[in-house]
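Understanding the architecture of this molecule
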Amino acid sequence: MSKPIPIAVVGSGYVGLVAAVCFAEMGHPVICVDNDERKVSALQGGDTLIHEHYLPELLGKYRNSRVRFTTDLAEATRESDAIFIAVGTPQSENGDADLSYVEAVACEIARSLTSYKVIVEKSTVPVYTNEWISRAFERNGVERHLFDVVSNPEFLREGTAVADFLHPDRIVVGADSERAGAILRDIYAPLTGGKYYEREDGIPGPCTVSEPPPLLMTSTKSAEIIKHASNAFLALKISFINAVSNLCEATNANVEQVARGMGLDTRIGPKFLRPGIGYGGSCFPKDVAAFRSVAEQLGIDFSLLSEVEKINIQQKKRFVGKVRSALWNLRGKRLGVLGLAFKGDTDDIRESPAIEIVKMLLNEGCIIAAFDPAAIERTRQVLPESKELRYASNAYDAVADADALLILTDWPEFAELDLKRLNKALRYPIVIDGRNLYDPSVMTEHGFTYLSVGRPAAYPVRDLAAASSRG
Ligand code: UGA
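The residue count restarts for each chain, going from 1 along the sequence in the order it is written. Totals for whole chains, interfaces and linings use all residues, but because this is a predicted model, local features are given only for residues with pLDDT of at least 70 and pairs of side-chain atoms are given and counted only at 80 or more. To get the side-chain values, all heavy atoms of the structure are used, and hydrogens and water are removed first.

**Description of the packing of helix 12 (residues 304–327) against helix 13 (residues 353–363)**
- Close contact between helix 12 and helix 13 brings their axes to 10 Å; oriented N to C, the two are set at 50°. Classified by the angle between their axes, helix 12 and helix 13 sit oblique to one another. In this structure, helix 12 meets helix 13 at a crossing whose hand is right-handed. For the pair helix 12 and helix 13, contact is made by Lys316, Lys317, Phe319, Val320 and Val323 and by Pro353, Glu356, Ile357, Met360 and Leu361, respectively.
- When grouped by side-chain class, the residues that make up the contact of helix 12 with helix 13 number seven nonpolar, no polar and three charged. Axis lines are fitted through C-alpha atoms, for helices just across the contact stretch, and the angle between N-to-C directions can take any value from 0 to 180 degrees. Secondary structure counts use DSSP, requiring at least four H or I residues in a row for a helix and at least two E residues in a row for a strand, with both numbered from the N terminus. Note on terminology: angles under 35 degrees are roughly parallel, angles over 145 are roughly antiparallel, angles of 65 to 115 are roughly perpendicular, and the others are oblique. Here is the rule for handedness: rotate from the far helix to the near one, and if that takes an anticlockwise turn smaller than a right angle the crossing is left-handed, while a clockwise turn gives right-handed. Note on contacts: a residue pair qualifies if any of its non-hydrogen atoms lie within 4.5 Å across the two residues. Residues are grouped as follows: Ala, Val, Leu, Ile, Met, Phe, Trp, Tyr, Cys and Pro are nonpolar; Asp, Glu, Lys and Arg are charged; all remaining types, including Gly, are polar.

**A word on the layout of surface pockets**
- Put simply, the grid is 1 Å and covers the protein atoms alone, a cavity is a trapped set of points that fit a 1.4 Å probe, a pocket is an open set with protein on both sides within 12 Å along at least five of seven lines, and lining residues have an atom within 4 Å of a point. Grid points are joined across faces, edges and corners, and a volume is the space filled by probe spheres set on the points. Considering only enclosed or pocket space, the second largest pocket measures out at about 460 Å³ in volume.
- What lines the second largest pocket is a set of 21 residues, among which Leu99, Pro126, Tyr128, Thr129 and Trp132 lie closest to the centre.
- Within the residue set of the lining of the second largest pocket, elements represented by two or more residues are helix 5 (100–111), helix 6 (129–139) and helix 11 (284–297).
- Per-element tally for the lining of the second largest pocket: the top contributor is helix 6, with six residues.
- Its residues placed into classes, the lining of the second largest pocket shows 13 nonpolar, four polar and four charged.
- Counting contributing residues, the lining of the second largest pocket receives three or more from each of domain 1 (7–218) and domain 2 (229–471). Residue ranges for the domains originate in an automatic or database domain assignment.

**Describing the site of the ligand**
- Near the ligand there are 19 residues, and of these Leu156, Glu158, Lys227, Asn231 and Arg435 occur at the shortest range.
- Listing elements by their share of the shell around the ligand, those giving two or more residues are helix 9 (220–251) and helix 11.
- Top contributing element to the shell around the ligand by residue count: helix 9, with three residues.
- Of the residues contributing to the shell around the ligand, the split by class is nine nonpolar, two polar and eight charged.
- If you count residues domain by domain, the shell around the ligand takes at least three from each of domain 1 (7–218) and domain 2 (229–471). Any residue with a heavy atom lying within 4 Å of a molecule or strand is counted as near it.

**Thoughts on the pairing of strand 13 (residues 430–433)**
- Buried means the residue's accessible area, taken with a 1.4 Å probe over protein chains only, is under 20% of the maximum for its type, while exposed means over 50%, and partly exposed covers the values in between. By the alternation rule, side chains of strand 13 split into Ile430 and Ile432 and Val431 and Asp433, which are all buried.
- Read from strand 12 (residues 404–407) through helix 16 (residues 419–425) to strand 13, the crossover connection turns out right-handed.
- Where strand 13 and strand 14 (residues 449–451) come together, three bridges link them in parallel fashion. Bridge pairing links Val431 to Tyr450 in strand 14.
- Handedness of the crossover is the feature at issue here: the chain leaves strand 13, passes through helix 17 (residues 440–445), returns alongside strand 14, and the resulting connection is right-handed. Seen with the strands pointing away from the viewer, any crossover whose path from the first strand over the helix to the second strand runs clockwise is right-handed. Only strands joined by at least two bridges in the DSSP assignment are considered to pair.

Below is the structure:
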């Protein structure tokens with residue numbers, strides 16, 4: 001039987017909030033700390049702050065009981081055995097991760113430390129951060145035997161964060177001390193021992209009692225590198241397939257077939273080979289830049305990562321080029337846009353390729369009506385409504401009388417549009433799909449000109465018939 005370990009989680013963003021409720025779900029008492037009083041009182045009052053499956057249920061179950069929210073880091077430090085740092089590590093101007101929040105939190109914890117604690121880096125941080133945290137503790141007068149710093153990177157994805165946390169592919173713990181490693185093992189025992197998966201009310205996912213997730217023990221530095229290297233590798237996979245999709249477009253091949261053919265090789269695997277308009281979000285762009293910058297500082301040539309970034313930037317420009325190729329002139333063209341979030345199932349718009357494309361098209365003089373199931377309110381704050389930009393109330397409202405429809409985010413509901421209704425609503429039946437949500441032959445049967453990514457352009461059946469009779 002695993003024992004509950006008192007935990008503090010500092011930061012109530014995606015990683016912090018999800019970790020806090022999931023640790024509670026695993027049976028641990030949790031104090032979640034944030035210095036933003038408004039956020040803390042919203043969480044105390046039942047607001048979930050982010051759009052994430054299972055979060056409302058878990059917060060409803062544990063809020064103000066097994067998970068408490070507070071601004072008082074000193075008190076949380078005193079009452080916990082393990083303190084997870086999950087504050088933001090934004091990108092600074094030169095690409096480095098800005099670690100000032102991590103440092104501020106470390107110093108504050110250090111000042112209220114009176115007994116042994118394990119400090120856990122959960123935020124994505126560059127290698128050597130654990131040494132800097134240790135140094136900050138020592139500079140604040142904390143004796144070395146009173147703390148250990150370990151790295152426990154998080155691999156959850158937005159949209160499926162809770163299920164990813166409770167059903168991880170792996171749990172990585174980078175610990176240079178036995179004592180700290182043992183505490184982390186105890187914290188994750190409900191998952192690694194399989195007990196959690198016996199529960200009937202548990203969150204469903206791929207792990208089971210007989211196949212619980214593995215826990216990999218490494219050095220702290222290895223764990224820090226594992227996180228950056230994993231994200232950079234996934235971004236590389238996406239840029240690779242995007243470059244291949246451009247090759248397919250140039251040769252009239254089909255990237256979906258190519259990706260399937262590649263992905264069946266178990267050494268390559270089918271995941272993260274979906275071509276599109278480039279990766280976005282709060283992690284990949286920032287982490288590729290930070291990893292590149294770490295390599296640079298260590299004198300290591302890792303220019304492969306610059307290529308990954310370059311392809312990602314080009315992919316958005318190529319999409320705008322595709323819109324131009326379908327519509328001739330862009331100035332004054334009315335476009336219906338579906339999708340603003342950086343991917344489906346989230347309201348997050350950070351580094352969203354959809355928003356960058358909308359901005360580029362507005363700069364070209366297009367008039368846009370955009371719809372997203374969850375991200376409109378956030379987008380409004382960076383792109384207010386104007387004569388050229390309107391936020392629509394649904395997908396059909398967005399395309400009303402438009403010269404073309406652009407699909408920019410892979411929301412499941414965008415793959416299930418009523419094609420007859422869509423065709424009627426559009427001024428011209430042209431769909432330019434940056435996420436390959438439709439089968440080209442279905443689109444042409446419904447009378448659409450359909451341009452997607454890495455697949456041959458498809459034209460309505462009647463146009464083809466006319467073209468062949470002319471030929
Ligand atoms: C990513 C990683 O997948 C997580 O493992 C990691 O924990 C997280 O970053 C993080 O470091 O916090 P996330 O940013 O939530 O998760 O989103 P992903 O599902 O990885 O998608 C990232 C971007 O890549 C999106 O814009 C998505 O549309 C794009 N993508 C993804 C593709 O264009 N093609 C694909 O095949 C997969």
